[in-house]
Amino acid sequence: QVQLVESGGGLVQPGGSLRLSCLASGFTFSTYAMNWYRQPPGKERELVAVITSTGGLTNYADSVKGRFTISRDNAKNTVFLQMNSLKPEDTAVYYCKVGNRNYWGQGTQVTVSS
């Protein structure tokens, strides 16, 4: 069965960095686009970043452009989200999702606070 396991979240000060990972299994990872979403406290889930199956194209929410970078390693079935210059408003549970399929990870908490 499809499994997505996120890791790398935690507490970081404003201006700091974190790198999230999502290890995928149970499907042919290299043939699917992958997404990162986030859900801030009390708000709806929102799309943060998308990467195509080969990694050749990426897209970002305006709120994270220039600060976040999505990447993938198809040999390791893993998608990453490098988050730099973090702000308190980046505080959320971050989820990875398989392309246009309804497969989600369990989420990893990111808290940006001094």
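Our subject is the structure listed above.
Here the residue numbering is sequential within each chain, running from 1 through the sequence in written order. Local features are withheld for residues below a pLDDT of 70 in this predicted model, meaning they are given only at 70 or higher, and side-chain atom pairs are given and counted only at 80 or more; totals for whole chains, interfaces and linings count all residues. Hydrogen atoms and water are omitted, and side-chain values are computed over all heavy atoms in the structure.

**Q** Before we go on, may I ask you to explain the sheet that holds strand E5 (residues 46–51) in this structure?
**A** Hydrogen bonds along the backbone pair up the strands of a sheet, which may run parallel or antiparallel. Here a strand pair is declared whenever DSSP counts at least two bridges between the two strands. Put simply, DSSP H or I for four residues or longer makes a helix, DSSP E for two residues or longer makes a strand, and each gets a number counted from the N terminus. The sheet built from six strands is open, its strands ordered E2-E10-E9-E4-E5-E6 with mixed pairing. Strands at the two margins of the open sheet, each flanked by one partner only, are strand E2 (10–12) and strand E6 (58–60). For this sheet the average axis-to-axis angle between neighbouring strands, irrespective of direction, equals 25°. The pairing of E5 with E6 spans three bridges and is classified as antiparallel. Counted as the bridge partner of Ile51 is Thr58 from E6. Throughout, an axis means a line fitted to C-alpha atoms (over the contacting stretch in the case of helices), and angles, computed between N-to-C directions, take values from 0 to 180 degrees.

**Q** Please clarify how unusual backbone geometry should be interpreted in this entry.
**A** Keep in mind that most residues, glycine aside, have a negative phi and that most peptide bonds are trans. Positive phi is not limited to glycine here, since Asn77 has a value of about 50°. Positionally, Asn77 belongs in the loop between strand E7 (68–73) and strand E8 (78–83).

**Q** Could you clarify how one ought to interpret the pairing of strand E4 (residues 34–39) in this entry?
**A** Both faces of the sheet carry side chains from a regular strand, because those side chains alternate between them. Accessibility here uses a 1.4 Å probe with only protein chains present; expressed as a share of the type maximum, an area under 20% marks a residue as buried, one over 50% as exposed, and anything in between as partly exposed. Most of E4 is tucked away, with five of its six residues classed as buried. The pairing of E4 with E5 spans five bridges and is classified as antiparallel. Bridge pairing links Trp36 to Ala49 in E5. Between the antiparallel neighbours E4 and E5 lie six residues, among them Gly42 with a positive phi of about 75°.

**Q** Just checking my understanding: could you explain the pattern of salt bridges for this structure?
**A** As a working rule, side chains carrying opposite charge can pair if their charged atoms are close by. Here, a salt bridge means any side-chain nitrogen of Lys or Arg that lies within 4 Å of a carboxyl oxygen of Asp or Glu. Taken as a whole, this structure holds four salt bridges when the rule is applied. Arg38 is paired through a salt bridge with Glu46; the nearest N and O atoms lie 2.6 Å apart. Overall, Glu46 belongs to the partly exposed group, its relative accessible area being 31%. Between Lys65 and Asp62 there is a salt bridge, with the nearest N and O atoms lying 3.2 Å from each other.

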